[in-house]
Amino acid sequence: MRWRYAGEAAAEIKAADPGSAVTERMIRNLARQGVIPSLSVGNGTRHLIDLDALLDYLAHVLPETN
């Protein structure tokens, strides 16, 4: 598992695919809905996202089209 804040996860996805439509808000919503694992850190206002689970989710829910 690679844990990242939502902004960091979005930045890694954008670095790999500059045209990606995945946003920080989308990642936060997926975590809030329990679709992808997240951990509350600090005083509970920040959440770490499991980057590997996010990428796996995106690969299966949003398949590439050629």
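Structure report, in brief. This is a predicted model, so every value here is computed, not measured. (Residues numbered from 1 in each chain as written. Predicted model: local features only at pLDDT ≥ 70, side-chain atom pairs only at ≥ 80, totals over all residues. Heavy atoms only, no water.)

Side note on helix 2 (residues 24-32)
Move 1: All of the buried residues along helix 2 are Ile27, Leu30 and Ala31. Along the axis of helix 2, the buried positions cluster into a sector of 100°, meaning they face one direction only. Those residues of helix 2 that are exposed and angled more than 90 degrees off the buried face are Arg25 and Arg32.
Move 2: Here the buried face of helix 2 lies against helix 1 (6-16), strand 2 (38-41), strand 3 (46-50) and helix 3 (51-61).
Move 3: Remark: Gly34 follows helix 2 within two positions and exhibits a positive phi of approximately 80°. (Buried < 20%, exposed > 50% of the residue type's maximum accessible area, 1.4 Å probe, protein only. Helix = DSSP H or I, 4+ residues; strand = E, 2+ residues; numbered from the N terminus. Arc of directions from axis to C-beta. Contact = heavy atoms within 4.5 Å.)

Structural notes on the packing of aromatic side chains
Move 1: Enumeration according to the criterion identifies zero aromatic pairs in this entry.
Move 2: Over the face of the ring belonging to Tyr5 we find Arg46, whose NZ or CZ atom lies 3.7 Å from the ring centre. (Phe/Tyr/Trp six-rings, centres within 6.5 Å; stacked < 30°, edge-to-face > 60°. Lys NZ or Arg CZ within 6 Å of the ring centre and 35° of its normal.)

A few points about the side chain of Ser20
Move 1: Locating Ser20 in the fold gives a position in the loop between helix 1 and helix 2.
Move 2: The exposure class of Ser20 is buried, given its relative accessible area of 11%.
Move 3: When neighbours within four sequence positions are excluded, Ser20 is seen to be in contact with Ile13 and Lys14.

Quick notes on the pattern of salt bridges
Move 1: Enumeration over the complete set of coordinates arrives at three salt bridges.
Move 2: Asp52 is the partner of Arg2 in a salt bridge, and the nearest nitrogen-oxygen pair spans 2.9 Å. Of the two residues, Arg2 sits in the segment before strand 1 (3-5) while Asp52 sits in helix 3, which places them 50 residues apart along the sequence.
Move 3: Under the relative-accessibility criterion, Arg2 is labelled partly exposed at 34%.
Move 4: Residue Asp52 is classed as partly exposed on the basis of its relative accessible area, which comes to 32%.
Move 5: Here Glu12 makes a salt bridge to Arg4, at a shortest N to O gap of 2.6 Å.
Move 6: Among the residues examined, Glu12 registers a relative accessible area of 33% and is labelled partly exposed.
Move 7: With a relative accessible area of 22%, Arg4 lands in the partly exposed category. (Salt bridge = Lys/Arg side-chain N within 4 Å of Asp/Glu carboxyl O.)

Here's the deal with the nonpolar core
Move 1: Residues Ile13, Ile27, Ile36, Ile49 and Leu54 are the most contacted members of the largest nonpolar core, which totals 13 residues.
Move 2: Top contributing element to this core by residue count: helix 1, with four residues.
Move 3: Residues within four places of Ile13 in sequence aside, it is in contact with Ser20, Val22, Ile27, Leu54, Leu55 and Leu58. (Core = buried A, V, L, I, M, F, W, Y, C linked by side-chain atoms within 4.5 Å.)

Any functional reading would require information beyond the geometric quantities listed.
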